[in-house]
Structures are given as C-alpha cells and as structure tokens.
Amino acid sequence: MDVAALFKKGVEKELLDVDDYIFIPERMDIVVDEGDLVCVLNSDGSVNIFYTKEGITDVRAAARKHPFTAFDTELHHGIYDDVIEDLVEGVNDIINTNSKYFRRSRVLPVAMQPEPLTQNHI
C-alpha cells in the first residue's frame, strides 16, 4: 500500500466517525401492524424507534449506520428493519400475554350494600 492510499484511508476513517457530526433532527411517523411507529434521528446521530399499540409503548435505540445517506432513504431501504421487527414483536408479545393475578374477565363479587337510612330508622 502506498502513502497516498494510506493517507486516503485515514481521512475516510475520520470522516465516517459519526460522533464528530451534528445532525438535523428528523422524525418519521408510520402505521405498522395497527400500531404507531415513530423513528427519530437525534442531533447526535443516534436513532430512537418508538412503537405504540393498544396502550403499550416500547422504544429501542440504534446507531446511525450510514451518516452520509438521508435518514428517510435509510428507512426506505430497510436499514433499521431488524430493530423495528424486534420492537413490534416485543409489543405484540406483551399484548398477547395475560397475568395470572390480574384478569379482565374476572368478575368481582358485589358486596351487600347497606340500606339507606330513612326517617323510620332514625
């Protein structure tokens, strides 16, 4: 390897260090599997992905994979699909499970209500 190639490789390594850049925050909202998916690019280059369905919200963080590619282009090319699939699956697992202590179908017995006081009782 010659000196010029070595120098070029060192410059490329420095340019690809995401920690040295400040990104314009971006947000993409879409509906996935009847839930709301929010993908956020933060100014530090990190990506947060939120998924909400039936009152359950979960969030995952991902590192920016291609700093010189537009964020929406990364999303359209499926760069974060593995993170999104895990997130949706995790929320669906929570929705489909039931507690052995708290059940929605359980009917609580009604306690006897005392008779209201009237003039005859006083």
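Quick look at the structure, then. (Residues numbered from 1 in each chain as written. Predicted model: local features only at pLDDT ≥ 70, side-chain atom pairs only at ≥ 80, totals over all residues. Heavy atoms only, no water.)

### Considerations on the packing of aromatic side chains
Then, in step 1: Applying the stated criterion across every chain yields a total of 1 aromatic pair.
Then, in step 2: Plain terms: the ring middles of phenylalanine 71 and tyrosine 80 are 6.2 Å apart, the flat faces sit at 55° to each other, and that makes the pair tilted.
Then, in step 3: For tyrosine 80, a relative accessible area of 1% corresponds to the buried category. (Phe/Tyr/Trp six-rings, centres within 6.5 Å; stacked < 30°, edge-to-face > 60°. Buried < 20%, exposed > 50% of the residue type's maximum accessible area, 1.4 Å probe, protein only.)

### Details of the sheet that holds strand β3 (residues 46-53)
Then, in step 1: Spatial strand order, β1-β2-β3-β4: 4 strands in an open sheet with antiparallel pairing. The sheet is open, and its two borders are formed by β1 (26-32) and β4 (56-63), each paired with just one other strand. Taking the axes of each pair of neighbouring strands and ignoring which way they run, one obtains an average angle of 15° across the sheet.
Then, in step 2: Where β3 meets β4, 8 bridges bridge the pair, whose relative direction is antiparallel. Bridged to serine 46 within β4 is alanine 63. (Pairing = 2+ DSSP bridges. Helix = DSSP H or I, 4+ residues; strand = E, 2+ residues; numbered from the N terminus. Axes fitted to C-alpha atoms, helices over the stretch in contact; angles between N-to-C directions.)

By themselves, these observations are geometric and do not establish any function.
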